[in-house]
Amino acid sequence: VVIFNLVIVELCRQGRLQEAFHVFISEMPGRSTPDVVTYNVLIDALCKDGKLDLARKMLRDVIQAGIRPTVYTYSSLINGLCKNHQLDHAKNMMEEMISRGCNPNVVTYNTLVDAYFTQGRTDEAYVVLEDMAESGCHPTMVTFNVIIKGLSRSGRIDEGYKVLDEMIDKGFVPVARSHNILVDALVVTFTLLADGLSKTGKLDAAFGVLRMMEDPQCRCNHDVTSFTVVVDGLCKAKCLGEAEEVVDAMPDHGTSPDVVTYSALINGYCKAGNVDRGYHLLRELGTKADVFSYSAVLDGFCKEKRLQEAWDLLKEMRSLGCTPNVVCYNAVIDGLCKAKLLEEAYHLYQEMDDHGCTPDVVTHNNLLLGLTILGKVEHSLTHVEEMIRHGNKFSSGW
RNA sequence: AUCACUGGGAUAUUUUC
């Protein structure tokens, strides 16, 4: 079983779900019997692929087969539900697991706390933390990181420190199995802090965090990610010269920029109205450029009404095998709509479908706005009817 | 022996003067 499990894990990790299920369905029977771990791995993979209904069905299968689901099984499902904005279902799942005699552990709690914070439901996050303490479950560094992330994103870093202090006062102290694990977690902690600070415009403080990381006393070296959060912060603050200086200085600090760093810069230039510089950096990236780098430039061109160049870039992506996703199409559709080129916009809308790219809320909003600009209200209604016919749900995004 | 939780980049709308 273990061998099969290892194979399935590897296939799932590479996103080869089909093949993983093939092994499970056609190759395992007769050779060995799937165990909980086999199911756990498949359920987790289904969740990460957004196939929550199938994952839940599999949980039922497990129970029906007389196998006891473990805390892994439930944690995977809860995580899947959380990441797909079904927080309340996640909470129900937690109750279900308890009623079935399976107790949640740190990971389960961390997952829920993170979800509540990310959804801005801070009070409920604290309730879960209390439940966790009550159940005698010790927090880990991940717990602390989740709290820091939750509070620093909304500019409430001081509150974050306060919460952590209180936890420590009460003896609710993170446990780590080894020194290395602790240091790795601290890198995440510092990066979260730097990110929270730079996203709220406190760039000096963000630099301070970077310097702290560099301090030999601290011994948790910053990496590409910690630099990139600062670079992005500088870009968003329109300090592009400084951002480039930081990028150039990275090698002196033991790291070098990657696609993400470059994309942050590219986006910064495009948003600041210097698309040409953005385009130039895209060329520097060469084949390392990904959908993010391209979409930043596509949007830049569109906002400047340089639609021909956007169009050519979109074609270039296809020919280079960097398949455009919804965001790329949306950026161009928006440009076309705002330029009152509705026909072309609908062409592209058709085209994305032909390329197997599913339109999302933003796509439809763009097209509806385009119709509105031209005063074609009745067409908007037709479009909405069409959407409903294709099974679109009007959810919270609306 | 194999499985679950936390860190960086892109697109629309959100009465800016």
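Please read all numbers here as calculations on a predicted model, not as lab measurements.

Describing the protein's contact with RNA strand B
Inference 1: Close to RNA strand B lie 62 residues; Asn110, Thr228, Ser263, Ser295 and Lys303 are nearest.
Inference 2: When atoms of RNA strand B within 4 Å of the protein are sorted by moiety, sugar and phosphate together comprise 46%.
Inference 3: Within the side chain of Ser76, one N or O atom sits 3.5 Å away from a sugar or linking oxygen of RNA strand B.
Inference 4: Contacts to RNA strand B include Lys236, whose side-chain N or O atom sits 3.2 Å from a phosphate oxygen.
Inference 5: Its residues assigned to classes, the surface near RNA strand B shows 23 nonpolar, 21 polar and 18 charged.

Re the packing of helix α6 (residues 87-99) against helix α7 (residues 106-118)
Inference 1: Packing of α6 against α7 leaves a shortest axis separation of 11 Å and a crossing angle of 160°. The pairing of α6 with α7 is recorded here as roughly antiparallel in orientation. Where α6 crosses over α7, the handedness of that crossing is left-handed. The residues of α7 that touch α6, namely those facing Leu87, Ala90, Lys91, Met94 and Met97, are Thr108, Tyr109, Leu112, Ala115 and Tyr116.
Inference 2: When the residues that make up the contact of α6 with α7 are grouped by side-chain class, the tally is eight nonpolar, one polar and one charged.

Quick notes on the environment of Pro34
Inference 1: Within the element layout of this structure, Pro34 appears in the loop between α2 (17-27) and α3 (36-48).
Inference 2: The spacing of Pro34 and Val127 is 93 residues in sequence and 37 Å in space, taken between C-alpha atoms.
Inference 3: Once you skip the residues sitting within four places of it in the chain, Pro34 turns out to touch Val1, Phe24, Met28, Tyr39 and Ile67.

A few points about empty space enclosed by the protein
Inference 1: Enumeration over the complete set of coordinates arrives at one cavity of 30 Å³ or more.
Inference 2: The volume enclosed by the largest cavity comes to roughly 30 Å³.
Inference 3: What lines the largest cavity is Ile148, Ser152, Ile157, Gly160, Tyr161 and Leu193.
Inference 4: If you list the elements that add at least two residues to the lining of the largest cavity, you get α9 (141-152) and α10 (157-169).
Inference 5: No other element matches α10, which puts three residues into the lining of the largest cavity.
Inference 6: A breakdown of the residues in the lining of the largest cavity according to their chemical character gives four nonpolar, two polar and no charged.

Details of the packing of helix α11 (residues 179-199) against helix α12 (residues 203-214)
Inference 1: With their axes 7 Å apart at the nearest point, α11 and α12 run at an angle of 165° to one another. Between α11 and α12, the interaxial angle falls into the category roughly antiparallel. Note on packing geometry: the crossing formed by α11 with α12 is left-handed. Seen from α11, the contacting residues are Val187, Phe190, Thr191, Leu193, Ala194, Leu197 and Ser198; seen from α12, they are Leu203, Ala205, Ala206, Val209, Met212 and Met213.
Inference 2: Among the residues forming the contact of α11 with α12, the class breakdown is eleven nonpolar, two polar and no charged.

Describing the pattern of salt bridges
Inference 1: With the rule as written, the count across this model stands at 19 salt bridges.
Inference 2: Ionic pairing is found between Lys48 and Asp44, a salt bridge with its closest N-O pair at 2.9 Å. Taken together, the positions of Lys48 and Asp44, both in helix α3 and four residues apart, correspond to about one turn of that helix.
Inference 3: Salt bridges here are not isolated pairs; linked through shared partners, they connect Asp88, Arg121 and Glu124.

Re the nonpolar core
Inference 1: Residues Ile8 and Leu112 are the most contacted members of the largest nonpolar core, which totals 116 residues.
Inference 2: Among all residues touching Leu112, those that are not within four sequence positions of it are Ile78, Cys82, Leu87, Ala90, Met94 and Val128.

Examining the side chain of Thr38
Inference 1: With respect to the helices and strands, Thr38 occurs in helix α3.
Inference 2: A polar atom in the side chain of Thr38 sits 2.7 Å from the side chain of Asn5.
Inference 3: Discounting chain neighbours no more than four positions away, the residues touching Thr38 are Val1, Asn5, Ile8, Phe24 and Met28.

Re unusual backbone geometry
Inference 1: The phi torsion at His85 lies on the positive side, around 60°, for a residue other than glycine.
Inference 2: The residue His85 is located in the loop between α5 (71-83) and α6 in this model.
Inference 3: Backbone geometry places Lys238, a non-glycine residue, at a positive phi of 65°.
Inference 4: Along the chain, Lys238 falls in the loop between α13 (224-236) and α14 (240-249).

Things to note about the confidence of the model for chain A
Inference 1: Mean pLDDT for chain A: 92, with 94% of residues reaching 70 or above.
Inference 2: Within the model, the stretch residues 394-398 combines pLDDT values under 50 with nine contacts to residues more than four positions away or in other chains.
Inference 3: Quick note on the complex model: pTM equals 0.88, ipTM equals 0.88.

Definitions and cut-offs
Residues numbered from 1 in each chain as written. Chains lettered and ligands numbered in written order. Predicted model: local features only at pLDDT ≥ 70, side-chain atom pairs only at ≥ 80, totals over all residues. Heavy atoms only, no water. Near = heavy atom within 4 Å. Polar contact = N/O pair within 3.5 Å; in protein donor to acceptor, adjacent residues only side chain to side chain. Nonpolar A, V, L, I, M, F, W, Y, C, P; charged D, E, K, R; others polar. Axes fitted to C-alpha atoms, helices over the stretch in contact; angles between N-to-C directions. Helix = DSSP H or I, 4+ residues; strand = E, 2+ residues; numbered from the N terminus. Parallel < 35°, antiparallel > 145°, perpendicular 65-115°, else oblique. Left-handed = near helix turned anticlockwise from the far one by under 90°. Contact = heavy atoms within 4.5 Å. 1 Å grid on protein atoms, 1.4 Å probe; cavity = no way out; pocket = protein on both sides within 12 Å on 5 of 7 lines; lining within 4 Å. Points joined across faces, edges and corners; volume = space filled by probe spheres on them. Salt bridge = Lys/Arg side-chain N within 4 Å of Asp/Glu carboxyl O. Core = buried A, V, L, I, M, F, W, Y, C linked by side-chain atoms within 4.5 Å. Buried < 20%, exposed > 50% of the residue type's maximum accessible area, 1.4 Å probe, protein only. pLDDT = per-residue confidence, 0-100.

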